[in-house]
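Listed below are the residues making up each chain.
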Amino acid sequence: SQQGEEDPQALSIQEGENATMNCSYKTSINNLQWYRQNSGRGLVHLILIRSNEREKHSGRLRVTLDTSKKSSSLLITASRAADTASYFCATDLNDYKLSFGAGTTVTVRA
Amino acid sequence: SAVISQKPSRDICQRGTSLTIQCQVDSQVTMMFWYRQQPGQSLTLIATANQGSEATYESGFVIDKFPISRPNLTFSTLTVSNMSPEDSSIYLCSVEDRGYNEQFFGPGTRLTVL
């Protein structure tokens, strides 16, 4: 069963704006990973954040993790048309099996 | 990160037939998994492909329907047996690479069952 829930389900922004999406989960985790999927293709790994970390950065991406609230957020700064995709969070309960959220569909308008 | 390829990339099959999907990794990996993504949905774990032993299936998935082979540390196959239109999905393999817990996915196999 899916542990994660993502919010919002869909997001439409103007190029250059920031996009923020949230992921909530139910049980304690070992780590949480964010992925991007373009048009039903394979998943691209974006960032892994461990349960003892609070924030990580990778280029224009910033991920936060609040284990007390069982939630994570992904921020994409200065969005580009190429950022149009679905974004998924996935939690690892320490057995390498990932449980995925429902995903957020991001559309970046030119 | 590991480079993962899948064959075929897509296929259209008739109900009642079976399709075998191959997953090849360019390096030896310990952990390999198979996921399903139904149309418009998120990913669901089917099973863990264990090298040299039977796969470990998640609730709702059985070996008769989704037999899996893992003959070595770089290759695995997933067979979708006796297909019905409900099996139309994207099937993805993934690997946990280098012991850092990061999990990487193949490009997926888009299956349509008529």
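Structure: above.
Fair warning: this is a prediction, and the values are worked out from it, not measured in the lab.

Draft legend 1. Region of interest: the nonpolar core. Counting 27 residues, the largest nonpolar core has Trp34(B), Ile46(B), Phe66(B), Ile68(B), Leu78(B), Tyr91(B) and Leu111(B) as the members making the most contacts within it. For this core, the secondary structure elements donating two or more residues are strand 3 (19-25), strand 4 (31-37), strand 5 (43-49), strand 8 (75-80), strand 9 (89-96) and strand 11 (109-113) of chain B. A total of 4 residues in this core trace back to one element, the largest contributor, which is strand 3 of chain B. Each residue touching Leu111(B), except ones within four places of it in the same chain, is listed here: Asp11(B), Cys13(B), Leu19(B), Val80(B), Met83(B), Asp87(B), Ser88(B), Ser89(B) and Tyr91(B). Judged by nonpolar contacts, the second largest core, of 22 residues, contains Cys23(A), Leu32(A), Ile49(A) and Cys89(A).

Draft legend 2. Highlighting the environment of Ile76(A). Residue and element names in this part refer to chain A. Following the sequence through the fold, Ile76 ends up in strand 8 (residues 71-76). By relative accessible area, Ile76 is classed as buried at 1%. Considered as a pair, Ile76 and Leu46 are 30 residues apart in the sequence and their alpha carbons are 11 Å apart. Beyond its immediate chain neighbours, meaning those up to four positions away, Ile76 contacts Glu17, Asn18, Ala19, Met21, Arg60, Leu61, Asp83 and Tyr87.

Draft legend 3. Molecular detail of the packing of aromatic side chains. All names here are of chain A. Within the structure shown, the criterion is met by 8 aromatic pairs over all chains. A centroid spacing of 6.4 Å and a plane angle of 80° characterise the contact between Phe88 and Phe100, whose relative ring orientation is edge-to-face. Of this pair, Phe88 sits in strand 9 (residues 85-92) while Phe100 is found in strand 10 (residues 98-100), placing the two residues 12 residues apart along the sequence. Judged by relative accessible area, which is 3%, Phe88 ranks as buried.

Draft legend 4. Structural context of the pattern of salt bridges. Summed over the entire model, instances satisfying the criterion amount to 4 salt bridges over all chains. The salt bridge involving Arg62(A) is made with Glu55(A); its shortest N-O contact spans 3.0 Å. With relative accessibility at 30%, the residue Arg62(A) sits in the partly exposed group. For the salt bridge of Lys97(A) with Glu58(B), the shortest nitrogen-to-oxygen distance reads 3.0 Å. You can see Lys97(A) sitting in the loop between strand 9 and strand 10 and its partner Glu58(B) sitting in the loop between strand 6 (56-57) and strand 7 (68-72), one on each of two chains. Overall, the relative accessible area of 26% leaves Lys97(A) in the partly exposed class. Residue class for Glu58(B) comes out partly exposed when judged on its relative accessible area of 22%.

Cut-off values and rules
- Residues numbered from 1 in each chain as written.
- Chains lettered and ligands numbered in written order.
- Predicted model: local features only at pLDDT ≥ 70, side-chain atom pairs only at ≥ 80, totals over all residues.
- Heavy atoms only, no water.
- Core = buried A, V, L, I, M, F, W, Y, C linked by side-chain atoms within 4.5 Å.
- Buried < 20%, exposed > 50% of the residue type's maximum accessible area, 1.4 Å probe, protein only.
- Helix = DSSP H or I, 4+ residues; strand = E, 2+ residues; numbered from the N terminus.
- Contact = heavy atoms within 4.5 Å.
- Phe/Tyr/Trp six-rings, centres within 6.5 Å; stacked < 30°, edge-to-face > 60°.
- Salt bridge = Lys/Arg side-chain N within 4 Å of Asp/Glu carboxyl O.

So yeah, pure geometry; function would need other evidence.
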